[in-house]
Every structure is written in structure tokens, then in C-alpha cells.
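Structural overview
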Amino acid sequence: MPQDAFTLKFLCEELNTLFSGGKINKIVQPGQEQVVITVYTGKGTKKLVLDVNPAWPRIGVSDGEFQSPLTAPNFCMLLRKHLLSATIDKISLVGFDRVVRFDISPSNELFDSNKKALYVELMGRYSNIILTENGKVLGGNRGVNFFDNGVRPLIVNHPYTLPPSNNKKCPEDRELINLFSSSDDSISKKIIDNVQGFANITAVEVESRFLEKFSSENNAENLYSFLNDFISKESANPCVLLDGEQVLDVMAFPYKNASGELKFFDKLYLAEDYYYKTKNQAQKTKELRERLLSIASTQLKKAKKKDSAISSRIKEALDAGADIIMLDNMSVEDMKEAVRLTQGKAVTECSGNVTKENVADAALPKVALGYFAYIAVGKANVEQVFFGIYV
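Report follows, based on the coordinates. (Residues numbered from 1 in each chain as written. Predicted model: local features only at pLDDT ≥ 70, side-chain atom pairs only at ≥ 80, totals over all residues. Heavy atoms only, no water.)

Regarding the overall build of the chain
Helix and strand content of the chain: 9 helices and 16 strands. Put simply, the chain has 391 residues, and 42% of those count as buried. When contacts within the chain are restricted to residue pairs at least 6 apart in sequence, long-range pairs at least 24 apart make up 47% of them. Here the chain displays about 21800 Å² of accessible surface, and carbon together with sulfur accounts for 50% of that area. (Helix = DSSP H or I, 4+ residues; strand = E, 2+ residues; numbered from the N terminus. Buried < 20%, exposed > 50% of the residue type's maximum accessible area, 1.4 Å probe, protein only. Contact = heavy atoms within 4.5 Å. Areas by Shrake-Rupley, 256 points an atom, 1.4 Å probe, with all protein chains shown as cover.)

Quick word on the sheet that holds strand E12 (residues 261-264)
Within the open sheet, the 3 strands sit side by side as E11-E10-E12. Their pairing is antiparallel. Each having just a single partner strand, strand E11 (246-251) and E12 make up the two edges of the open sheet. Strand-to-strand twist across the sheet, computed as the mean angle between neighbouring axes with direction ignored, equals 30 degrees. Direction of pairing for strand E10 (residues 239-243) relative to E12: antiparallel, over a ladder of 4 bridges. Paired with Cys239 across the bridge in E12 is Phe264. Its contacts with the sheet put helix H7 (residues 268-319) on E10, E11 and E12, and the angle it makes with E11 is roughly 155 degrees. (Pairing = 2+ DSSP bridges. Axes fitted to C-alpha atoms, helices over the stretch in contact; angles between N-to-C directions.)

Observations concerning helix H6 (residues 220-233)
Under the 1.5 Å per step criterion, the end-to-end length of H6 is 20 Å for 14 residues, consistent within 8% with the ideal 20 Å. Here the buried face of H6 lies against helix H1 (5-19), helix H3 (175-181), helix H4 (187-194) and helix H5 (200-213). If you check the start of H6, you find a side-chain oxygen 3.2 Å away from the backbone N of Glu221, and it comes from Asn219. (Expected span 1.5 Å × (residues − 1). Polar contact = N/O pair within 3.5 Å; in protein donor to acceptor, adjacent residues only side chain to side chain.)

A closer look at the pattern of salt bridges
This model, assessed by the stated rule, comprises 16 salt bridges. Residue Asp63 is joined to Lys277 by a salt bridge in which the shortest nitrogen-to-oxygen separation is 2.4 Å. Remark: Lys277 occurs in helix H7 and Asp63 occurs in the loop between strand E4 (58-62) and helix H2 (74-83); sequence separation between them is 214 residues. Between Lys315 and Asp319 there is a salt bridge whose closest N-O contact spans 3.0 Å. Here Lys315 and its partner Asp319 are both found in helix H7, 4 residues apart, which amounts to about one turn of the helix. With respect to burial, Lys315 and Asp319 carry one shared label: exposed. Linked by salt bridges that have partners in common, Asp63, Asp273 and Lys277 make up one network. (Salt bridge = Lys/Arg side-chain N within 4 Å of Asp/Glu carboxyl O.)

Regarding the packing of aromatic side chains
A complete count under the given rule lists 13 aromatic pairs for this structure. In this arrangement the basic side chain of Lys9 is found over the ring face of Phe10, its NZ or CZ atom lying 4.1 Å from the centre. Arg58 extends its terminal NZ or CZ atom over the ring of Tyr276, reaching a point 4.2 Å from the ring centre. (Phe/Tyr/Trp six-rings, centres within 6.5 Å; stacked < 30°, edge-to-face > 60°. Lys NZ or Arg CZ within 6 Å of the ring centre and 35° of its normal.)

Examining the packing of H1 against H7
At a closest axis distance of 9 Å, the pairing of H1 and H7 adopts a crossing angle of 110 degrees. Relative to H7, the element H1 lies roughly perpendicular. Across the interface between the two elements, Thr7, Phe10, Leu11, Glu14, Leu15 and Leu18 of H1 pack against Leu268, Tyr269 and Glu272 of H7. Grouping the constituent residues of the contact of H1 with H7 by class yields 6 nonpolar, 1 polar and 2 charged. (Parallel < 35°, antiparallel > 145°, perpendicular 65-115°, else oblique. Nonpolar A, V, L, I, M, F, W, Y, C, P; charged D, E, K, R; others polar.)

Comments concerning a nonpolar patch on the surface
There is a patch of nonpolar side chains on the surface, built from Leu288, Leu292 and Ile295 and spanning about 280 Å² of accessible area. Looking at the element boundaries, Ile295 is found in helix H7. (Patch = residues over 30% accessible without salt bridge, like charges linked within 9 Å, V, L, I, M, F, W, Y side chains within 5 Å.)

Structure (C-alpha cells):
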């Protein structure tokens, strides 16, 4: 999924329209990497999902049920302390990178005039959720430092700083023209190497559209202008890419290089919710299938081991010259297997786990079969044994 700054730009616009002015009335942290904020928007409640799972970090809207642990994590308690009953003023993309900012006003400005901001950094294994007050760090989902000892230290009560840009430029930076002109790489690689916030699939889409319009890929000025027009002028047409019932991707609009069936949605956050729900369900089904196969494999190994043990013991008895082999407390299937292994060389007697109901199944040639019958006498039960021989 191209969960890059280009896609997040459309998503932030939708979320800002949906949640701006909304009141936060519930915060839960179902897992270490996920925070769910319930917001009353004036038209009803919506659940805002902030997920920093390294495999697929995202922000979005969901109508699913989320369980709160009996003991809330420290970061959840911090968010509740500062954000419950507060108002979401604005949701915006920071610069043109995979960082989303939530500007939040306190519930009572008479007693708390400090402005809060929640930063959601969607950067793979470096993803994080960080709460700030007046620009200073209060805490983070993945913890923060108390000492200035990192490339980008996040220190409590110190100013929040954005993640390093790795020398990449914002799309509006005209320095990109020089960088584009000095490189002989493909257009998509020029974008990936020099421009913030682009996923590879989006860079390839820009290259494809640029080459449709321009005959030469070496005009850096044209590429710079085309890139910024692509960012600012493209209209959203959210869709999910499918292969049968399998979801492949979700996009702000159909990419030319995307191959598969398209399912369209009115909003990008609805498309993303469908994508993640379907993907999660498929993952759960896969895990269940693997668990069942593992159980079946274990049971099969046990059965083979058991068969091997029965075979070994029958062989041992026959080698010793036994003319009667007693099969005690075996299942009907094991009894049948034991009888088969004797090959008529000994009489087999079965006791335990044999009833009138399964006696017909167990009564094979040369089987001595015994079972118990119970006759009630008054209030007492008198046990009587009935023994039968089947030859």
C-alpha cells in the first residue's frame, strides 16, 4: 500500500473535515502499537485508529470493537490525563512527510491554556505516537529518552523535533531541479532518492504519467513542475485493488500500473478500513488454517507413534509364543489394528471401552469380548458381569 505522504495528504483532508471540532470522549490502547480515540463529531461518534505497527503503520477510521486491557498502559493513561474531553482543532500533514499532526485544545482553557499536539509518525519500524504540550515532549508510545543521546533525541520536557529527512527535499524546494539534472537515474529513482514522502509505487506512477506527456525524461525543470502539479492537482477517487476476494492494495485513485479489479469508495478512509478489515480477516483465517494443520500433523504423528507401539508389542507377544493376547482399554480402532496384526496367530481378548453399542464393530474373528451389565435392585446398583466369546 502506498501509505506515503501523497496518500496521507488526501487522508488528512478527509479526517480533518470529519473530526475537526470533535470532542474526545474515550481513549483505549488495545495493544502496544495501537491507540483508539473515540470522538463525538456533533453527528455521532467515530473511532479514530492510530496504529504504529511496523508492518503497516496507519491512521484511519473504524467501526470495529476494540478491547481495553484491565490495566491501561502508561502511555494510554498519559493521553487520558491530557486529552479526554479535549477538542480536536485540526488534523494536518507535517510538511510533505509521513508525519500527521493533531492540534488539540484543552477541555477547559480557564484552568489549562496549554496547547497540545499529537504527532503520529508513520515510518515503518521507526513509527511512533508522541504527545507534546506547547511544543515540548510529554511522552511517546514507544518511549522517549531522558538523556540527549540519540540521532533525534525525544526528551521529556524538551522541544519536539521532526524525524531526520535523510537529506531529502520537500517537493516545493527548487534545489530539486539541480538534483534531478545531475542524476542519470530513472525518474522514479530520482524521486525516491531526493524527494520526501514518496513510496516507490507512487514514484513509478509519476514517471509513467510524466513520460506520457513529455518525450524526454532529462528535462529537470519539467519534472519539477510536473511533480508538484501531480501532488496538488490530482483528485481523489479512492479504490481497493482486488484479485478475486484477496485485497492487494488501497489507493487514493487508480494507478495506471495497478493490475487487478478495482472496488471504489466515496472516501479514502472507507477504502482503507475495508482494506485493513479484509486483510486482517484473511490473516486470521490463515493463522487458523495453520493452527489446524499443526494440530492435525501432531495428531498424525501421535497416531503413527501409537501404531508403531502397538505393532511392536503385538510382535513381541507373538515372538514369545503367546496364544492369547489381551487388549485392555483400547479404542475400537486400535483393537481392530491389533487383531489385524495378530494375523490369526493368537486369540485376542478385549476388555474396557467395549459396550453393547460398539460390540459389533469390535467383534472381529478370534476376538474374546467381555463387557459389564448393570441391574438396579431397589435403590442399590448391583454389578453383574456378562462374558461372551466370539470365535
